[in-house]
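These are the residues of each chain, in order.
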Amino acid sequence: MEILSCENVAFKYNESTDYAISDCTFSVKKGEKIMLCGASGSGKSTLLRLLKRELSPRGELSGDITLMGKDRSELSDRESAEKIGFVMQSPDSQTVCDKVSAELAFGLESFGVKSGEIQSRVGEMAAFFGIEPLYDRDISTLSGGQKQRVAIARAVVNEPKILLADEPTGALDSKSGQQIMELFEKLNEEGVTIVMITNDAKVAH
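Residues numbered from 1 in each chain as written. Predicted model: local features only at pLDDT ≥ 70, side-chain atom pairs only at ≥ 80, totals over all residues. Heavy atoms only, no water.

A. Examining unusual backbone geometry more closely. Within the chain, Met68 stands out as a residue other than glycine whose phi angle is a positive 55°. Here Met68 is to be found in the loop between strand E4 (59–67) and strand E5 (70–71). In the Ramachandran plot, Glu167 falls in the positive-phi region, its phi being about 45° despite a non-glycine side chain. Within the fold, Glu167 resides in the loop between strand E7 (162–166) and helix H6 (174–189). Residue Glu167 is classed as buried on the basis of its relative accessible area, which comes to 13%. (Helix = DSSP H or I, 4+ residues; strand = E, 2+ residues; numbered from the N terminus. Buried < 20%, exposed > 50% of the residue type's maximum accessible area, 1.4 Å probe, protein only.)

This is the structure in structure tokens:
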């Protein structure tokens, strides 16, 4: 069963005469993990952001993008925000709270989830990602790898159907990067569909 598909997708930014993406067609089945590889500037990040409507760049889009059985334009704001998770390359660029505990709870609070369920889901995610010892820490005191773990946990605590990752190891050292890739493998084994981009062919293997 397809959970995501792009058919003849093309996109160019406002004020640009060149297409950042042209004639892009692919599909992803539920529970799959795929890697989109290519050189910097090849349109990978643009494509990934088009799949997350609230992060989409401004420009001219054509073709069909279907997510979870619906055209992208038919998804409600909540469906797009809650069921399509997004992890950026830089941990610092996606942090909204000072404390780890507040960061993990932020999205759930925004969706009006009851406090008891928030505590349960946040605790479960902290255990899953091995960040329980960091729970009361200031995010500014964490290492890059720890910050990225927190960022991924925050994206997953909403129980997304699809997790998009834009070079999530790009700002990390090799050891931290490997640990983050192992987390994505673990998430995929739990049934989360993952679409990840990289310009490093070695990571793709």
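Okay, back to it.
B. Here's a closer look at the sheet that holds E4. The 4 strands lie next to each other as E2-E1-E4-E5, forming an open sheet whose pairing is antiparallel. Strands with a single pairing partner mark the edges of an open sheet, and in this sheet they are strand E2 (21–29) and E5. Here E4 runs beside E5; their pairing, made up of 2 bridges, is antiparallel. Residue Leu67 lies in a different strand from E5, and its bridge partner there is Lys70. Against the sheet, helix H1 (residues 44–51) contacts strand E1 (2–13), E2 and E4, and its axis sits at roughly 120° relative to E1. (Pairing = 2+ DSSP bridges. Contact = heavy atoms within 4.5 Å. Axes fitted to C-alpha atoms, helices over the stretch in contact; angles between N-to-C directions.)

C. Region of interest: helix H5 (residues 144–156). Along its 13 residues, H5 runs 18 Å from first to last C-alpha, staying within 8% of the 18 Å computed at 1.5 Å per residue. Burial of H5 is extensive: 10 of the 13 residues sit out of reach of the surface. Burial in H5 covers these residues: Gly145, Lys147, Gln148, Val150, Ala151, Ile152, Ala153, Arg154, Ala155 and Val156. On its buried face, H5 is in contact with strand E6 (84–87), helix H3 (100–110), helix H4 (115–128), E7 and H6. (Expected span 1.5 Å × (residues − 1).)

D. Summary view of the pattern of salt bridges. In the structure shown here, the tally under the stated rule is 10 salt bridges. Across the salt bridge formed by Glu117 and Arg121, the nearest N and O atoms sit 2.9 Å from each other. One end of the pair is Glu117 and the other is Arg121, both in helix H4 and 4 residues apart, which spans about a single turn. What makes Arg121 buried here is its relative accessible area of 10%. (Salt bridge = Lys/Arg side-chain N within 4 Å of Asp/Glu carboxyl O.)

E. Summary view of the side chain of Arg154. With respect to the element layout, Arg154 can be found in helix H5. Here Gln94 takes part through its backbone oxygen, which lies 3.1 Å from a polar atom of the side chain of Arg154. Not counting the four nearest positions on each side in its chain, Arg154 is found in contact with Gln94, Val96, Glu103 and Leu104. (Polar contact = N/O pair within 3.5 Å; in protein donor to acceptor, adjacent residues only side chain to side chain.)

F. Main features of the environment of Leu55. Summarising the element assignment, Leu55 is placed in the loop between H1 and E4. In this structure, the C-alpha to C-alpha distance between Leu55 and Ala81, residues 26 residues apart in sequence, is 9.8 Å. Discounting chain neighbours no more than four positions away, the residues touching Leu55 are Arg49 and Phe86.

G. The arrangement of the environment of Ile65 in detail. Its place among the elements puts Ile65 in strand E4. Accessibility expressed as a relative area gives 4% for Ile65, which makes it buried. The residues contacting Ile65, other than those within four sequence positions of it, are Ser5, Cys6, Val9, Leu50, Leu51, Lys70, Asp71 and Arg72.

H. Broad picture of the pairing of E6. Covered by surrounding structure in E6 are Ile84 and Phe86 together with Gly85 and Val87, the residues of both alternating faces. As judged from the 4 bridges shared by E6 and E7, these two strands associate in the parallel manner. By the bridge assignment for E7, Ile84 is matched with Ile162.

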